[in-house]
Amino acid sequence: MGSAKNKSSAARQARIAEMRRAEQARERRNRLLTIGASVVIVAALVVGGVVLVRSQSDGSDERASDDKTTGKFVTAADGVRKWEGTLSRNHVKTDVKYDVEPPVGGDHHQAWMNCNGDVYTEELNNVNAVHSLEHGAVWVTYTSKADKADVEKLAEKVKKTPYTLMSPNEEQKDPIMLTAWGHQRAVTGADDPNVDKFFQTFVQGAQTPEKGAACTGGLAQ
């Protein structure tokens, strides 16, 4: 009889051990499933976040291409033309058709032209130069009809003046023009007193949308 009890006890212990092994196996499987599910969830969140950021960025670019610039020029008594209306300031990746030449503002590329007294010998992309205007730069432009001596004098003035840039522009109607954000005027030459007045008023002037923003670290053609 004692032998029968021993056999029964041994069988019961064997079943308990088997149940424990089975339970441990289930726990291991559950842990693996939990870890796997967590990895999948994290990966999905990362991918979703990237997609969301890209979609937001793409959406911004799409909205930016819709230039909201409206208004017209009004000429003041001092001869400076001021844009009365709204000048859009979105960043775009495509060219922009501006209402005036050179443009005085509007949608523009995220990269600005260096304007720390930079003198360029080739025409600039308007979308980059407009960004310089947004930073408070004065842009001096001239055509082939401008007197060479005047061009050289203006170039020397620009080189000595931070937040200015200069370039040729054959599309403008006057031989020499000065442009700031929302403002523009033609001058007769380098010795025209209106050159100094324009510089004093509009280099980092009150019209600047992003006063203090850099005029270096941009494009250098």
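Thresholds applied
Residues numbered from 1 in each chain as written. Predicted model: local features only at pLDDT ≥ 70, side-chain atom pairs only at ≥ 80, totals over all residues. Heavy atoms only, no water. Helix = DSSP H or I, 4+ residues; strand = E, 2+ residues; numbered from the N terminus. Contact = heavy atoms within 4.5 Å. Areas by Shrake-Rupley, 256 points an atom, 1.4 Å probe, with all protein chains shown as cover. Salt bridge = Lys/Arg side-chain N within 4 Å of Asp/Glu carboxyl O. Pairing = 2+ DSSP bridges. Axes fitted to C-alpha atoms, helices over the stretch in contact; angles between N-to-C directions. Disulfide = S-S within 2.5 Å. Core = buried A, V, L, I, M, F, W, Y, C linked by side-chain atoms within 4.5 Å. Buried < 20%, exposed > 50% of the residue type's maximum accessible area, 1.4 Å probe, protein only. Expected span 1.5 Å × (residues − 1). Arc of directions from axis to C-beta. Polar contact = N/O pair within 3.5 Å; in protein donor to acceptor, adjacent residues only side chain to side chain. Parallel < 35°, antiparallel > 145°, perpendicular 65-115°, else oblique. Left-handed = near helix turned anticlockwise from the far one by under 90°. Nonpolar A, V, L, I, M, F, W, Y, C, P; charged D, E, K, R; others polar.

**Observations regarding the overall build of the protein chain**
Then step 1. For the protein chain, the helix and strand inventory stands at four helices and seven strands.
Then step 2. Element order for the protein chain, N to C, with α for helix and β for strand: α-β-β-β-α-β-α-β-β-β-α.
Then step 3. Once local pairs closer than 6 in sequence are excluded, the contacts in the protein chain between residues at least 24 apart make up 67%.
Then step 4. Here the protein chain displays about 13200 Å² of accessible surface, and carbon together with sulfur accounts for 53% of that area.

**Description of the pattern of salt bridges**
Then step 1. One pass over the full model with this rule turns up five salt bridges.
Then step 2. The shortest N-O distance in the salt bridge between glutamate 210 and arginine 89 comes to 3.2 Å. Of this pair, glutamate 210 sits in the segment after helix H4 (193-202) while arginine 89 sits in the loop between strand S2 (81-86) and strand S3 (116-119), and the two are 121 residues apart along the sequence.
Then step 3. Taken together, the shared-partner salt bridges in this structure form one network comprising Arg89, Glu134 and Glu210.

**As for the sheet that holds strand S7 (residues 183-186)**
Then step 1. Spatial ordering of the open sheet is given by S1-S2-S7-S6-S4-S5-S3, a layout of seven strands whose pairing is mixed. Lying at the two open borders of the sheet, with one neighbouring strand each, are strand S1 (70-75) and S3. Each adjacent strand pair in this sheet contributes to an overall mean axis angle of 20 degrees, direction not counted.
Then step 2. As paired strands, strand S4 (residues 138-142) and strand S6 (residues 176-180) are joined by four bridges and run antiparallel to one another. Bridge pairing in S6 places tryptophan 139 opposite threonine 179.
Then step 3. Taken strand by strand, helix H2 (residues 126-134) contacts S4, strand S5 (164-168) and S6, and its axis lies near 140 degrees from that of S4.

**Some thoughts on the pairing of S1**
Then step 1. The pairing of S1 with S2 spans six bridges and is antiparallel. Bridged to threonine 70 within S2 is threonine 86.
Then step 2. The turn linking S1 back onto S2 is made up of five residues, and glycine 79 within it adopts a positive phi angle of 90 degrees.

**Here's the deal with the state of the cysteines**
Then step 1. Enumeration according to the criterion identifies one disulfide in this entry.
Then step 2. With a sulfur-sulfur separation of 1.6 Å, cysteine 115 is cross-linked through a disulfide to cysteine 215. Between cysteine 115 and cysteine 215, the S-S torsion sits near -90 degrees, and that sign places the bridge as left-handed. Of this pair, cysteine 115 sits in the loop between S2 and S3 while cysteine 215 sits in the segment after H4, and the two are 100 residues apart along the sequence.

**Looking at the nonpolar core**
Then step 1. Trp83, Val104, Leu124, Trp139 and Leu165 are the most contacted members of the largest nonpolar core, which totals 22 residues.
Then step 2. Tallying contributions element by element places H2 first for this core, with four residues.
Then step 3. Apart from the residues within four sequence positions on either side, leucine 165 is in contact with Met113, Asn114, Cys115, Asp118, Tyr120, Leu124, Ser132, Ala137, Val138, Trp139, Val140 and Val158.
Then step 4. One finds Val80, Val151, Met166 and Ile176 within the second-largest nonpolar core, a separate group that totals 19 residues.

**Overview of helix H3 (residues 148-159)**
Then step 1. Between the first and last C-alpha of H3 there are 17 Å, a value that for twelve residues agrees with the 16 Å anticipated at 1.5 Å per step.
Then step 2. Looking only at H3, the buried set comprises Asp150, Val151, Leu154, Ala155 and Val158. An end-on view of H3 places all buried positions within 135 degrees of arc, on one side of the element.
Then step 3. Residues of H3 that are buried make contact with S3, S4, S5, S6 and H4.
Then step 4. You can read the cap of H3 off the contacts: a side-chain oxygen lies 2.9 Å from the backbone nitrogen of alanine 149, and it is on aspartate 147.

**Quick look at the packing of H3 against H4**
Then step 1. In the contact formed by H3 and H4, the axes pass within 13 Å of each other and the chain directions differ by 25 degrees. Here H4 runs roughly parallel to H3, going by the angle between their axes. Where H3 crosses over H4, the two elements pack in a sense that is right-handed. Taken together, the residues of H4 that come into contact with H3 (itself represented by Leu154, Lys157 and Val158) are Val195, Asp196 and Phe199.
Then step 2. Here the contact of H3 with H4 is built from residues that sort into four nonpolar, no polar and two charged.

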